[in-house]
Each structure stands twice: as structure tokens, then as C-alpha cells.
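# Chains, contacts and geometry: an overview
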Amino acid sequence: MKNSFQIMFFAVFMFSMLLYGNTSTTQKTFADTTNTKEKPPNIILIMADDLGFGDVGFNENKEVLTPQMDYMAKKGITFTNFYAAAPLCSPTRASVLTGRDPFRQGIFAAHTEGMRPAEKTIPELLKVEGYSTGFFGKWHLGWLEPDKVESRGKYSPPWHHGYDETFATKSAVPTWDPTKTPKGWTSWGSQEDGSWGGSIYIRNGEPVTDNLEGDDSRIIMDRAIPFIENSINKQQSFFATIWFHTPHEPVVAGPEYLAKYPNLPLGKQHYYGSITAMDDQIGRLKDFLKAQDVLENTIIFFCSDNGPADPQVRKGNASAKPFKGHKHQMWEGGLRVPSFVYWPGKITDGKISHYQSSTNDYLPTILDILGVTLNKKHVLDGVSLKPIIFSDQNLERLIPIASGYKRLYNGTELYAFVKGRYKICIPEKGDKMMLFDLKNDPGETNNLAAEKTELLNSMIAELEELKISWKQSREGKDYKW
């Protein structure tokens, strides 16, 4: 009888390992890699929305006021060669949480599909490591209210993907008074009664009605900080995802922030004012962490989800300088975004890195820092930036950076494929594949497609192989473990 019980127990154990053991395998913990009793680091992912490469002080913009981000970039590591996985919101956000190209997941554009339950996300993996997990801000990876899903969408809220605490909108809201249609705004989301007809804030599945006036970045941070404080009080490491709406349209700044730019045109006052308001809240977060004595055990990642919006560029408010293009385009200006990593307890000297990196790299970087590994069958498109962050090695990226974007209404597919100094891309609708030498021509002014046909065809062949892999993944190959 005893032997039968042991055999049955062993069989159940082996079955459970087959069923669950391949989702995430922990080889070692953060504590195993140190000689101290320091807790695993707290991790914060901050993302701006439609913030251009040239819209921050640490990327040489002398007009905009971003002292908090400038300080963190100076004291951390600034990435000058950092790519969003797509030139627009939803696909990039999917890449951040999974380390996988958006086309691999079937998220081709905004408001298409939702995050698949079978995808392994950072919060899901960190919960296994004992982290509390919170999401705050713009989700844009699925609908949040099951009874209001539109034809092109899927119900896929953040609490289905590993987040314990959530304060989120489905998509964009005004950057000031997010429940109201801004004065003069007559486009999507506007309502005759003055309310905002786009997204609303949902907290843990329920609509929010209180503390929704004024600066939207402050409203978001008002929810993020209590979550962090609660985790600290419980002596629990935390993972916080803070995705601001700023400076996505409708872009509105409050009086205090308009007053900081008295000599600029009104449109630029609102644009820069909203960015400065966001910067204030990032500084507020940093100061809070310092006051709680956890700043030196907290790693903060910052980036934008894509380049600046076309209307703001045309109005002269936003900038992707020194790059060409904007959101929705495969030019560098649509893909190259501001980025830094700040960890005062570990990054002691400010560094500038020109290493090619992308939003796909967040998940493998975080897991590498913690010493956590995924099952080898789980395909990742990102690489760990840990060697770049913690050493001065002049490393070369071995995995190309690829981007795809499918326009919803006409079906046009745009692609970019970056391999070292060279990039091939279909930048805009109607374009043929182009080739650029980014080292000598970062502004993408000289198309080398006719001159370097062998290189062009070789890179196209690599991209086509990758597209086959993407298709296999989204058809379920990666989920059959």
C-alpha cells in the first residue's frame, strides 16, 4: 500500500512538472547571486506615450523642462540607440511585457486583438518570484469592460496577465482633466455634453469616479505610490508598470505648467507643459522611494512607446530630431525613442550607451538580473541588457531588431529590420524596400538599395525567415510545450 501511494505521488508530481514546469524555470534567485541578504530589487517600468526622441532635455532639447528625467538619465545609463518594437502604441506595449515581437503575438496595430492568455508576461513571471505587481495608466492591450468590447477588440485586461493591483484606461484620455473633452477638441472622444467619450479609468475591474481632475500624470501617480507603499510595508519586492498618457493627444497642460513656457506658441506650451508635468511626477516617485529608503534597491526603466505624433510634428510642437519621420512610420523618427535606466544602488556613474536595444529587451534583462530563466522552447526576440548596464564592454548586438506594422483599414504592412549599421525598411505606404547605412546616414537620406543589392536581398531573406517564424508563433507553435 505504501509503495502504491509513493508511485501514485510520483506520477502526480511528474504530471504536474510536465503540465506546469515548462512555463518558467527558476535556476537561481537574486539572493543567490549576492553575498548580502538584500531583497530582490524593486522594478519599475515607466513609459511615455508618443514622446519623440527630441522631446526631452537629456536628448539635447534646450527648451523643454525635464529636470527629473535629465538627472536620472545623467546618473543612470542613457540609451541613444533604443527602438520601440513598432511605430505605435499597442504592439510596442506587448513587446515590453513579453520580450517578443508584436507580429509574433498577433498584435499588428492599435485596437486589434488583445494580449493572449498564453503569452508569458513580466508580472506573471515575477509573481512566481514573490513580487507584488501593479499596473497604472494606459493599457491598450485589450478592453477592460467585457460588455463594451467593439468588433476589432478583445477583452484582455491587465488583471488577466499577472497584475494584482490595476488602475488603467483602455486607451487615450486628455492629459488634463481626463474625464472631460478639452475646449476646442472635436475629434474622436469628444462629447456634446463636455464629457470624455473615449476611455475611462478602471480600478481592479470597477469604474473610478473620484480624484480624476487636473493633471493626468498626477492622477496616475496618486494610485501608483500607495501600491508601492503597501508593498514596502509588507516588506515585499514590487513590480510597478506606470504607463503615462502624456504627450498623446488630446494634449492639454494646466495653468501652472502653461506658465512655465510664456514665450512659446500656445500649442507648444500645452505640449511641453504636459511633459514637464509628467517629469514632476517621475521626480515625485523618485523622492518617495528615497524617503522610504528603497531607492537604491529599485531599478527604473524609462522609454516612449513610439515616436511623436504626426499632427504635433506638423504643428512644430513635437520632435524626433535628429531623425526623420514620426509615429506610424518606419523611419528612425517613428521607432527610435528616448530611453534610460536608473538604479542608484548599482549604476554609480552615469553612462551613455550606443548599443542597439529595444523594448523587446526589458523582459530578458529583468529575468537576467534576477537569475530567472524561461523554458528554452519559449521564443524571445529580445536580449539581456545586463552586460551593457553593468560593464563598459563594447559589445555588438547579435540579434537583429525587427518591426512590423499593419494598417488597419487598408491592410498595408510596413517593416523595418536593423542589423548592425544597416537597416532595411518600407517606411510608408507605397514605398519599396529601402536600405540605409545608419552609421554614416542616421537621417536616412541616402537609399542604398540599388547600390548594395546583394546586402539588400540578404537582409530581405532574413526578414522573410523571421516573418515565417512570427506566423508559426501566432498560430500556436510556441504554446505547445
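The residue count restarts for each chain, going from 1 along the sequence in the order it is written. Thresholds applied to this predicted model are a pLDDT of at least 70 for local features of residues and 80 or more for the giving and counting of side-chain atom pairs; totals over whole chains, interfaces and linings are not thresholded and use all residues. Computation of side-chain values covers all heavy atoms of the structure but excludes hydrogens and water.

## Re the sheet that holds strand S14 (residues 413-419)
Where we set the bar: Whether two strands pair depends on DSSP finding at least two bridges between them. Helix and strand definitions here come from DSSP, where helices need a minimum of 4 consecutive H or I residues and strands a minimum of 2 consecutive E residues; each element is numbered from the N-terminal end. With axes taken as lines fitted to C-alpha atoms, and helix axes fitted only over the stretch in contact, angles between N-to-C directions fall between 0 and 180 degrees. We call two residues in contact whenever any of their non-hydrogen atoms come within 4.5 Å of each other.
As summarised here, the arrangement of the 4 strands in space is S13-S14-S15-S16, forming an open sheet in which the pairing is antiparallel. Both edges of this open sheet fall to strand S13 (401-406) and strand S16 (434-437), since each of them pairs with a single strand only. When the angles between neighbouring strand axes are averaged without regard to direction, this sheet yields 10 degrees. Pairing of S14 with strand S15 (residues 422-425), which is carried by 4 bridges, proceeds in the antiparallel orientation. Bridge pairing in S15 links valine 418 to lysine 423. In the packing of helix H13 (residues 453-474) onto the sheet, contacts are made with S13, S14, S15 and S16, and the angle to S14 comes to roughly 115 degrees.

## Considering the side chain of serine 274
Basically, it comes down to this: Each residue is placed in one exposure class: buried if its accessible area under a 1.4 Å probe, protein chains only, is under 20% of its type's maximum, exposed if it is over 50%, and partly exposed if it falls in between. A 3.5 Å cut-off defines polar contacts: any pair of N or O atoms within that distance qualifies, except that in protein one atom must be a possible hydrogen donor and the other a possible acceptor, and neighbouring residues in sequence count only when both atoms are side-chain atoms.
Mapped onto the elements of the fold, serine 274 is located in helix H8 (residues 266-291). For serine 274, a relative accessible area of 1% gives the class buried. At 2.8 Å, the side chain of serine 274 forms a polar contact with the backbone oxygen of tyrosine 271. Aside from chain neighbours lying at most four places away, what touches serine 274 is Thr175, Thr246, Pro247, Val251, Val252 and Ala253.

## Here's the deal with the pattern of salt bridges
Put simply, the rule is: Salt bridges are defined by distance alone: a side-chain nitrogen of Lys or Arg within 4 Å of a carboxyl oxygen of Asp or Glu.
Per the counting criterion, the structure on display carries 25 salt bridges. For the salt bridge of lysine 471 with glutamate 475, the shortest nitrogen-to-oxygen distance reads 2.5 Å. Judged by relative accessible area, glutamate 475 falls into the exposed class, the value being 53%. One network of salt bridges, with partners in common, ties together Asp49, Arg93, Lys138 and Asp305.

## Comments concerning the layout of surface pockets
Think of a ball as big as a water molecule: rolled over the atoms, this probe shows where empty space is left. Just so we agree on the cut-off: Here a cavity denotes a set of grid points, spaced 1 Å apart and computed over the protein atoms alone, in which a 1.4 Å probe fits but from which it cannot get out, and a pocket denotes an open set meeting protein on both sides within 12 Å along at least five of seven lines; residues with an atom within 4 Å of a point are reported as lining. Grid points are joined across faces, edges and corners, and a volume is the space filled by probe spheres set on the points. Any residue that is not Ala, Val, Leu, Ile, Met, Phe, Trp, Tyr, Cys, Pro, Asp, Glu, Lys or Arg is counted as polar, Gly included; the first ten are nonpolar and the last four charged.
Put simply, the largest pocket is a space of about 940 Å³. Looking at the lining of the largest pocket residue by residue, the class counts come to 15 nonpolar, 9 polar and 11 charged.

## What to know about the sheet that holds strand S9 (residues 298-304)
Reading across from one edge, S7-S6-S5-S4-S8-S1-S9-S10-S2-S11 is the order of the 10 strands in this open sheet, with mixed pairing throughout. Of all the strands in the sheet, just strand S7 (206-207) and strand S11 (351-353) have a single pairing partner and so form its edges. Pairing analysis gives 4 bridges linking S9 to strand S10 (residues 339-342), with the strands arranged antiparallel. Its bridge partner being in S10, phenylalanine 302 is matched across the sheet by phenylalanine 340.

## A closer look at the packing of aromatic side chains
Under the convention used in this document: Pairing of aromatic rings covers Phe, Tyr and Trp, the last through its six-membered ring, and needs centres within 6.5 Å; plane angles under 30 degrees mean stacked, over 60 mean edge-to-face, and all others mean tilted.
Inspection of every chain in the model, using the stated rule, returns 24 aromatic pairs. Ring centres of phenylalanine 103 and phenylalanine 108 lie 4.8 Å apart, and the angle between their planes is 85 degrees; this geometry places the pair in the edge-to-face category. For phenylalanine 103, a relative accessible area of 4% gives the class buried. Between phenylalanine 135 and tyrosine 163, the ring centres sit 5.5 Å apart and the planes meet at 65 degrees, which makes this aromatic pair edge-to-face. Here phenylalanine 135, found in strand S4 (residues 132-138), pairs with tyrosine 163, found in the loop between S4 and strand S5 (165-169); they are 28 residues apart in sequence, far enough to count as distant.

## Side note on unusual backbone geometry
Here threonine 246 and proline 247 are connected by a cis peptide whose omega angle stands at -5 degrees. The omega torsion of the bond from lysine 321 to proline 322 falls at 10 degrees, within 30 degrees of zero and hence cis. Its location among the elements puts proline 322 in the loop between helix H9 (310-314) and helix H10 (332-335). Its identity as a non-glycine residue notwithstanding, asparagine 211 has a phi of 55 degrees, on the positive side. Looking at where asparagine 211 falls in the secondary structure, it is placed in the loop between S7 and helix H6 (216-233). Overall, the relative accessible area of 34% leaves asparagine 211 in the partly exposed class.

## Considering the packing of helix H2 (residues 67-75) against H8
The condition that has to hold: Note that the term roughly parallel is reserved for angles under 35 degrees, roughly antiparallel for angles over 145, roughly perpendicular for angles of 65 to 115, and oblique for everything else.
Closest axis-to-axis distance for the H2/H8 pair is 7 Å, and the angle between their directions is 55 degrees. With respect to each other, H2 and H8 are oriented oblique. Here Pro67, Gln68, Met69, Tyr71 and Met72 of H2 lie close against H8, whose contacting residues are Met278, Asp279, Ile282, Gly283 and Lys286. The residue inventory of the contact of H2 with H8, partitioned by class, reads 6 nonpolar, 2 polar and 2 charged.

## Some thoughts on the environment of serine 187
Inspection of the secondary structure puts serine 187 in the loop between S5 and strand S6 (202-203). Spatially, the C-alpha atom of serine 187 lies 38 Å from that of glutamate 464, the residues being 277 residues apart in sequence.

## Brief notes about empty space enclosed by the protein
In total, this model carries 3 cavities of 30 Å³ or more according to the counting rule given. Its boundaries defined by the atoms lining it, the largest cavity holds a volume of some 70 Å³. Lining the largest cavity are Ser90, Ile107, Ala109, His111, Thr112, Glu113, Gly114, His140, Leu141, Gly142, Trp143 and Lys170. Each residue belonging to the lining of the largest cavity can be placed in one class, and the counts come to 4 nonpolar, 6 polar and 2 charged.

## Some thoughts on the confidence of the model for the protein chain
Reading fine detail from the predicted coordinates is not recommended where pLDDT is low. Here is the rule we go by: A residue's pLDDT is simply how confident the predictor is in it, with values from 0 to 100.
In this model, the protein chain carries a mean pLDDT of 91, and residues with pLDDT of at least 70 account for 92%. Under a pLDDT of 50 for its full length, residues 1-36 has, in the predicted model, 32 contacts with residues more than four places off or in other chains.

## Considerations on helix H11 (residues 362-370)
Counting buried positions over the 9 residues of H11 gives 8, a clear majority of the element. Among the residues trailing H11, glycine 371 stands out with phi positive, at a value near 75 degrees.

## Section: the side chain of lysine 268
Considering the arrangement of structural elements, one finds lysine 268 in helix H8. Of the residues examined, lysine 268 reaches a relative accessible area of 15% and is grouped as buried.

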